[in-house]
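Take a look at the letters that make up each chain.
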Amino acid sequence: VRATHPDCSIVLYFQEQEAECLEIIRSESQTAASPGRPGQQGCLTEWDGVSCWSAVPFGQSQAVACPDILHIFKKSKVLIQRNCTESGWSFPSPPYYNACELEAIGSSNDTEAKASYFVTMKVLYTCGYSTSLAALFLAISIFSCFRKLHCTRNSIHIHFFTSFILRGAAVFIKDAILFSDDSVDHCTMSTVNCKAAIAFFQYSVLANFYWLLVEGMYLQTLLLLTFTSEKRYIWWYIFIGWGVPLLTVCVWVVTRLQYDNHGCWDDYTSLYWWVIKAPILLAIFVNFLIFLNVTRMLAQKIRSPDISKNYKQQYMRLTKSTLLLIPLFGVHYVVFALFPEDIGVDVRLYFELVLGSYQGFLVALLYCFLNGEVQAEIRRSWSKWQLSMESNVFNLVTQDFTA
């Protein structure tokens, strides 16, 4: 059974079995209502909440096995039997609770440990995304306030920061809609709000990866086309960063509505999940090739005797930044994409939620706070402000003296 959470497997199993049984009942009722067809003397098909009992004539019996749910019920050879009498179906014999034995489950201590683990994870990634959002908003403010920092490179950085902001906001929105009410059955929840929250979350993740791709494309363009105008490509970058994810999510939403419209669309084991996963893997693969090429070009420029020492130091700093950013370009995503979703859940959650929540902070740190150009502009503005304050104080003192 494919489900969002293992605890939902039993619920989804019985939902599917009930739907199939009700379809058989509906078909039999239409056949019995056909003109010229006599009704059957016996017990009609019935769903008792656990099993589907097919129609049989009076005096006959039917036997079924325990529900075949992996890791829920033990494999039992005992069959459950019901007789068709004139008063209807008899009670199951032996009862389900005697014939179908549950698998041994963890103790209450294990359950409490798991609950504590997930609470800790939520606290960690909440702190991570909050820190990242604060750093990203501050970085965007710095790039926007200083005129000398207004350029194509920093404009791309701002879009990149915005994609991280959307990703953090999407996580908080998803948690607020899906997990704010403990009384809601998350196994059967299927509302417009929760589907919209998941669709927005997938868009923010896609936009995040594609703006990472744009950063790589821009760096390669900067090294290859030294004398070209950077503004010529800005609208292509915007289309790739925001437009391609929007088109992908639209295709995914239409596909889910048409072929797999159940639950909250957060079942990552569905085959339609590849509509989202494939473009992300493509962006990561292209980005990896771009950064290999960028590293090669930087190495050539560093070894070139025609380049001065100052330029070599700039290229070295750029190379270091590039190598630091490679882990951010979805290396763990590629590794986890090759394994089923139920393998390494704890490690996957730690990388995607805890470490992933601090990616925005690390990006703001590398592109803004540790940027020499930004630091120089902040120092220059601070010096101007200090001089202005000193001048104002001097004028006030002079005025008082002359008065």
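None of the values given here were measured: they were computed from a predicted structure.

Rules used in this analysis
- Residues numbered from 1 in each chain as written.
- Predicted model: local features only at pLDDT ≥ 70, side-chain atom pairs only at ≥ 80, totals over all residues.
- Heavy atoms only, no water.
- Helix = DSSP H or I, 4+ residues; strand = E, 2+ residues; numbered from the N terminus.
- Buried < 20%, exposed > 50% of the residue type's maximum accessible area, 1.4 Å probe, protein only.
- Contact = heavy atoms within 4.5 Å.
- Areas by Shrake-Rupley, 256 points an atom, 1.4 Å probe, with all protein chains shown as cover.
- Axes fitted to C-alpha atoms, helices over the stretch in contact; angles between N-to-C directions.
- Parallel < 35°, antiparallel > 145°, perpendicular 65-115°, else oblique.
- UniProt positions renumbered as here; feature names shortened; annotations may be inferred.
- Disulfide = S-S within 2.5 Å.
- Salt bridge = Lys/Arg side-chain N within 4 Å of Asp/Glu carboxyl O.
- Pairing = 2+ DSSP bridges.
- Polar contact = N/O pair within 3.5 Å; in protein donor to acceptor, adjacent residues only side chain to side chain.

(A) Main features of the overall build of the protein. The number of helices and strands found in the protein is 12 helices and 7 strands. Residues counted as buried form 36% of the 403 residues belonging to the protein. Of the contacts formed within the protein by residues at least 6 apart in sequence, a portion of 68% connects residues at least 24 apart. When the accessible surface of the protein is summed, it comes to about 24300 Å², and 63% of that surface belongs to carbon and sulfur atoms.

(B) Inspection of the packing of helix H4 (residues 152-178) against helix H6 (residues 234-259) at higher detail. Running from amino to carboxyl end, H4 crosses H6 at an angle of 10°, the nearest separation of the two axes being 11 Å. Here H4 lies roughly parallel to H6, going by the angle between them. Contact residues: Thr152, Ser155, Ile156, His159, Thr162, Ser163 and Leu166 in H4; Ile234, Tyr237, Ile238 and Trp242 in H6.

(C) Region of interest: the UniProt feature "transmembrane region" (unreviewed entry) in the protein. Under the UniProt annotation, "transmembrane region" (unreviewed entry) lies at residues 123-146, 158-179, 209-227, 234-254, 274-294, 315-338 and 350-370. Along residues 274-294 one finds 100% helix and 0% strand; the C-alpha atoms at either end are 29 Å apart. In the segment residues 350-370, helix accounts for 90% and strand for 0%; the C-alpha atoms at its two ends are 27 Å apart.

(D) View of the state of the cysteines. The final tally for this structure, using the stated rule, is 4 disulfides. Linked covalently through their sulfurs, Cys66 and Cys100 form a disulfide whose S-S length is 2.1 Å. Taking the sign of the S-S torsion, about -100° here, the bridge from Cys66 to Cys100 comes out left-handed. Remark: Cys100 occurs in the loop between helix H2 (96-99) and helix H3 (108-145) and Cys66 occurs in the loop between strand S5 (61-64) and strand S6 (80-85); sequence separation between them is 34 residues. Accessibility expressed as a relative area gives 7% for Cys100, which makes it buried. Between the sulfur atoms of Cys194 and its disulfide mate Cys264 the distance is 1.8 Å. Across the S-S bond linking Cys194 and Cys264, the dihedral sits near -110°, which makes this disulfide left-handed. Of this pair, Cys194 sits in helix H5 (residues 192-224) while Cys264 sits in the loop between H6 and helix H7 (274-303); the two residues are 70 residues apart in sequence, bridging distant segments of the chain. In this pair, the class of Cys194 matches that of Cys264, namely buried.

(E) Representation of unusual backbone geometry within the structure. Cis geometry is found at the peptide bond from Ser93 to Pro94, where omega equals -5°. If you trace the backbone, Pro94 turns up in the loop between strand S7 (88-89) and H2.

(F) Representation of the pattern of salt bridges in the model. Going through the model one piece at a time under the given rule, you end up with 6 salt bridges. For the salt bridge of Glu23 with Arg26, the shortest nitrogen-to-oxygen distance reads 2.6 Å. Here Glu23 and its partner Arg26 are both found in helix H1 (residues 9-32), 3 residues apart, which amounts to about one turn of the helix. Among the salt bridges present, the one from Arg256 reaches Asp260, with a minimum N-O distance of 3.5 Å. Residue class for Arg256 comes out buried when judged on its relative accessible area of 1%. Salt bridges sharing partners connect three or more residues here, namely Glu46, Asp48 and Arg82.

(G) Geometry of the pairing of S6. Alternating residues of S6 divide into Ile80, Arg82 and Cys84, all buried, and Gln81, Asn83 and Thr85, none buried. Of the pairings in the sheet, the one linking S5 to S6 comprises 4 bridges and is antiparallel in character. The residue of S6 that forms the bridge with Ala63 is Gln81. Summarising the sheet, S6 and S7 pair through 2 bridges and their orientation is antiparallel. When the sheet's bridge partners are listed, Cys84 is paired in S7 with Trp89.

(H) Just the side chain of Ser163, in detail. Its location among the elements puts Ser163 in helix H4. Residue Ser163 is classed as buried on the basis of its relative accessible area of 0%. Within polar-contact distance, the side chain of Ser163 engages the side chain of Asn208 at 3.1 Å. Sequence-distant contacts of Ser163, defined by excluding residues within four places in its chain, comprise Ser204, Ala207, Asn208, Trp211 and Trp242.

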